Amino acid sequence: MTAQPLHDRETLLAFMAEREIDQTTHEHPAVFRVEEGLELKAAMPGAHTKNLFLKDKKGRLWLISARQDTVIDLKAAPRMIGSDRLSFGNEDLMFETLGVRPGSVTALGLINDVERRVTFVLDRRLWEAEVVNFHPLTNTATTGLTQAAFRRFLAEIGREALVIDFDATVPA
């Protein structure tokens, strides 16, 4: 039996409120894949995300957060981020480290990774976006944060992003 995460949606949003990290959360039907939420997202300002929870051949865990239209080549990504061959992490490991289930993977889940087991990789286009949108630990809502608020959130949880330009050409 996997232990319950420290934070769920309610306590995540309370954490942000206590630290005066401004955010706007929009309720919506559950969205499991980027393509499913395109109409919902069209009405929300900012960059929308896709998030990949990965494990490399050596057992290191990775969370890649990118703009929803960014192509992530899992064969080229190891060279870009400094990992071994990547595959998707399983549901139990995802819940154990980030406190989320498939369809709800989010950079905001790093609040639950108190042991710092997951390396956070952020698409440069998200790092430069004025507003970023992530699930607040559940796929029935989207939370928008200004870039300053998102960076403040990362600082408050003691995390830094490895910023990668996934659009750059990588030598083979």
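Being a predicted model, the structure only gives us computed values, none of them experimental.

Conventions we followed
Residues numbered from 1 in each chain as written. Predicted model: local features only at pLDDT ≥ 70, side-chain atom pairs only at ≥ 80, totals over all residues. Heavy atoms only, no water. Phe/Tyr/Trp six-rings, centres within 6.5 Å; stacked < 30°, edge-to-face > 60°. Helix = DSSP H or I, 4+ residues; strand = E, 2+ residues; numbered from the N terminus. Buried < 20%, exposed > 50% of the residue type's maximum accessible area, 1.4 Å probe, protein only. Lys NZ or Arg CZ within 6 Å of the ring centre and 35° of its normal. Contact = heavy atoms within 4.5 Å. Polar contact = N/O pair within 3.5 Å; in protein donor to acceptor, adjacent residues only side chain to side chain. Patch = residues over 30% accessible without salt bridge, like charges linked within 9 Å, V, L, I, M, F, W, Y side chains within 5 Å. Areas by Shrake-Rupley, 256 points an atom, 1.4 Å probe, with all protein chains shown as cover. Salt bridge = Lys/Arg side-chain N within 4 Å of Asp/Glu carboxyl O. Lys, Arg positive; Asp, Glu negative; His and termini not counted. Charge placed at Lys NZ, Arg CZ, Asp CG, Glu CD. Core = buried A, V, L, I, M, F, W, Y, C linked by side-chain atoms within 4.5 Å.

### Focus on the packing of aromatic side chains
And step 1. As enumerated under the stated definition, the model contains three aromatic pairs in all.
And step 2. An angle of 85 degrees between the planes, with centres 6.2 Å apart, marks the rings of phenylalanine 15 and phenylalanine 153 as edge-to-face. Remark: phenylalanine 153 occurs in helix α6 (residues 147-156) and phenylalanine 15 occurs in helix α1 (residues 9-18); sequence separation between them is 138 residues. Considered together, phenylalanine 15 and phenylalanine 153 belong to a single accessibility category, that of buried residues.
And step 3. Three or more aromatic residues joined by ring pairs make a cluster, and in this case those are Phe120, Phe134 and Phe150.
And step 4. In this structure, arginine 101 is placed above the aromatic ring of phenylalanine 95, and the distance from its NZ or CZ to the ring centre is 3.7 Å.
And step 5. Here arginine 151 stacks its cationic end above the ring of tryptophan 127, 3.5 Å away from the centre of that ring.

### A look at helix α4 (residues 91-98)
And step 1. Regarding α4, the residues found buried are Leu93, Met94, Phe95, Thr97 and Leu98.
And step 2. Packing partners of the buried residues in α4 comprise β2 (47-56), β3 (61-67) and β5 (118-123).
And step 3. Residue asparagine 90 occupies the N-cap position of α4, its side-chain oxygen lying 3.1 Å from the main-chain nitrogen of aspartate 92.
And step 4. Once α4 ends, the next one or two residues include glycine 99, with phi positive near 70 degrees.

### Overview of a positive patch on the surface
And step 1. A contiguous patch of positive charge, built from Lys57, Lys58, Arg60 and Arg85, is present on the exposed surface.
And step 2. Along the chain, arginine 60 turns up in the loop between β2 and β3.

### Side note on the nonpolar core
And step 1. Among the nonpolar cores identified, the biggest contains 32 residues, and Met16, Phe150 and Phe153 are the most heavily contacted of them.
And step 2. Sorting the residues of this core by element identifies α1, β2, β3, α4, β5, β6 (131-134) and α6 as the ones contributing at least two each.
And step 3. Beyond its immediate stretch of four places on either side in the chain, methionine 16 contacts Ile21, Gln23, Leu108, Leu145 and Phe153.
And step 4. In terms of nonpolar packing, the next biggest core, distinct from the first, is built from 13 residues, Leu52, Ala66, Ile72 and Leu86 among them.

### Comments concerning unusual backbone geometry
And step 1. A positive phi angle is found at arginine 116, which is not glycine, with a value near 55 degrees.
And step 2. Relative to the assigned elements, arginine 116 resides in the loop between α4 and β5.
And step 3. Residue classification places arginine 116 among the partly exposed residues on the basis of a relative accessible area of 42%.
And step 4. The backbone phi angle of leucine 137 is positive, close to 75 degrees, even though this residue is not glycine.
And step 5. Tracing the chain through its elements places leucine 137 in the loop between β6 and β7 (141-146).
And step 6. Given the relative accessible area of 9%, leucine 137 is considered buried.

### A look at the pattern of salt bridges
And step 1. By the definition in use, this model includes twelve salt bridges.
And step 2. The closest approach of N and O atoms between glutamate 156 and arginine 19, which form a salt bridge, is 3.4 Å. Highlighted residues: glutamate 156 in helix α6 and arginine 19 in the loop between α1 and β1 (24-27), separated in sequence by 137 residues.
And step 3. Measuring nitrogen to oxygen at the nearest pair gives 2.3 Å for the salt bridge that ties aspartate 69 to arginine 125. Taken together, the positions of aspartate 69 in the loop between β3 and α3 (77-81) and arginine 125 in helix α5 (residues 124-127) put the pair 56 residues apart, joining distant regions of the chain.
And step 4. We classify arginine 125 as partly exposed; its relative accessible area is 27%.
And step 5. Through salt bridges that share partners, Arg67, Asp69, Asp123, Arg125 and Asp167 make up one connected network.

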